[in-house]
Amino acid sequence: MNISKGLSIAPRLPKNIVIYVFLVLSYTIFTIHHMKGQSFWFGAKGGGAMNYQSWGEGLTQGINRDPLFSLNADVFIESFDEFNKGSLYGQFGYHTRGSSIRFVSFNNLFATQQGFKFNNLVLEVGARKVISIDKSIFPYYHVGLRGEYTVSTNLDDYRIFNNLFYPIDDFVRKINYGVSFGGGFIKPITELSDIFLDINISPDLSFQYEQPPLQNVIDPFTLQRISLPLRQVRNLSLELKIGIRFLRRVIYTDE
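Residues numbered from 1 in each chain as written. Predicted model: local features only at pLDDT ≥ 70, side-chain atom pairs only at ≥ 80, totals over all residues. Heavy atoms only, no water.

Q: For this particular structure, what's the right way to read the nonpolar core?
A: Across soluble globular proteins, nonpolar side chains show a tendency to be buried alongside one another. If you look at the biggest cluster of nonpolar residues, it comprises 17 residues, and the most contacted ones within it are Phe116, Leu155, Tyr209 and Val217. Sorting the residues of this core by element identifies strand E5 (111-130), strand E10 (214-218) and strand E11 (225-228) as the ones contributing at least two each. Sequence-distant contacts of Tyr209, defined by excluding residues within four places in its chain, comprise Trp55, Leu155, Pro167, Ile168, Phe171, Val172, Arg231, Gln232 and Val233. Phe76, Val130, Phe138 and Phe196 belong to the second largest nonpolar core, which has 6 residues in total. (Core = buried A, V, L, I, M, F, W, Y, C linked by side-chain atoms within 4.5 Å. Buried < 20%, exposed > 50% of the residue type's maximum accessible area, 1.4 Å probe, protein only. Helix = DSSP H or I, 4+ residues; strand = E, 2+ residues; numbered from the N terminus. Contact = heavy atoms within 4.5 Å.)

Encoded structure:
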């Protein structure tokens, strides 16, 4: 079933623009460890995320958007910040974005919850700054730019209802971008390794999903015909991760 035929949606970003964005992100990550000094950190982090989406359906009675909880993971490299002036980082990970929807009957006889998942590969570059180096635990803040590619969704699970009330893959935007910012705490373990706690907020600037207005859609729970307004969906994720990093340190000696 390809119900998107004959429907028009807002124009998307030209393919060459998104290609340039991914090339810039990839090139930045590749060149981080080639910066002056050659020393750099590398490691991995993982943890949980609370994901939100605003669907703008205008349906308030009996329906509530809830967060979708997921597990995410990243690998990263980061420039060595020897003089506490700030570092650059690049990371690549697998993140699940999305939201859940809770249906409640009008007489409160039953409630059910369904989740919509968008599984994305995430490429991010940014800068991190340690606030203080006077303690054994170092707080920091960071800001970054993200590019994401959706490799899969679970939207086909809802095709059995044969109803446009549910989102479909035809209107999923595969390539998205956004920003990330947050902070955390670094705890040195040895001279060449640290563990850290990372708190991150990741709002999208582009639409993960875009569907035009639809008329005469049957509400699967009330069986009444309704109209759905334009669905333009952006992701927002709140992430809490624990990570470990190791220092590849280059020491120059005179021969």
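Q: When you look at the packing of aromatic side chains in this model, what are you seeing that I'm missing?
A: How two aromatic rings sit relative to each other is set out by the distance from centre to centre and by the angle between their planes. For the structure on display, the rule yields 7 aromatic pairs. For the ring pair Phe42 and Phe246, a centre distance of 5.9 Å and an interplane angle of 40° mean the geometry is tilted. Here Phe246 lies in strand E12 (residues 231-248) and Phe42 lies in strand E1 (residues 40-54), a separation of 204 residues in the sequence. Relative accessible area serves as the criterion here: at 35%, Phe246 is assigned to the partly exposed category. Judged by centre distance (6.2 Å) and plane angle (75°), the ring pair of Phe171 and Tyr209 falls under edge-to-face. Of the two residues, Phe171 sits in the loop between strand E6 (138-153) and strand E7 (175-190) while Tyr209 sits in strand E9 (residues 209-211), which places them 38 residues apart along the sequence. (Phe/Tyr/Trp six-rings, centres within 6.5 Å; stacked < 30°, edge-to-face > 60°.)

Q: Looking at this structure, I do not really get unusual backbone geometry. What am I missing?
A: Most peptide bonds take the trans form, and the phi angle of most residues other than glycine is negative. A positive phi is found at Asn84, a non-glycine position, where the angle reads about 55°. Looking at the secondary structure, you find Asn84 in the loop between strand E3 (68-79) and strand E4 (87-104). Positioned with a positive phi, Asn216 is a non-glycine residue whose angle comes to about 55°. By secondary structure assignment, the location of Asn216 is in strand E10.

Q: Hey, could you run me through the environment of Glu210 in this one?
A: Among the structural elements, Glu210 can be located in strand E9. Between the C-alpha atom of Glu210 and that of Leu230, which follows or precedes it by 20 residues, the distance is 7.5 Å. Looking at Glu210, its side chain comes within polar contact range of the side chain of Gln232, at 2.7 Å. (Polar contact = N/O pair within 3.5 Å; in protein donor to acceptor, adjacent residues only side chain to side chain.)

Q: Is there a simple way to think about the side chain of Ser79 in this case?
A: The residue Ser79 is located in strand E3 in this model. Classification of Ser79 as buried rests on a relative accessible area of 9%. In this structure the side chain of Ser79 is engaged in a polar contact, spanning 2.8 Å, whose partner is the backbone nitrogen of Leu88.

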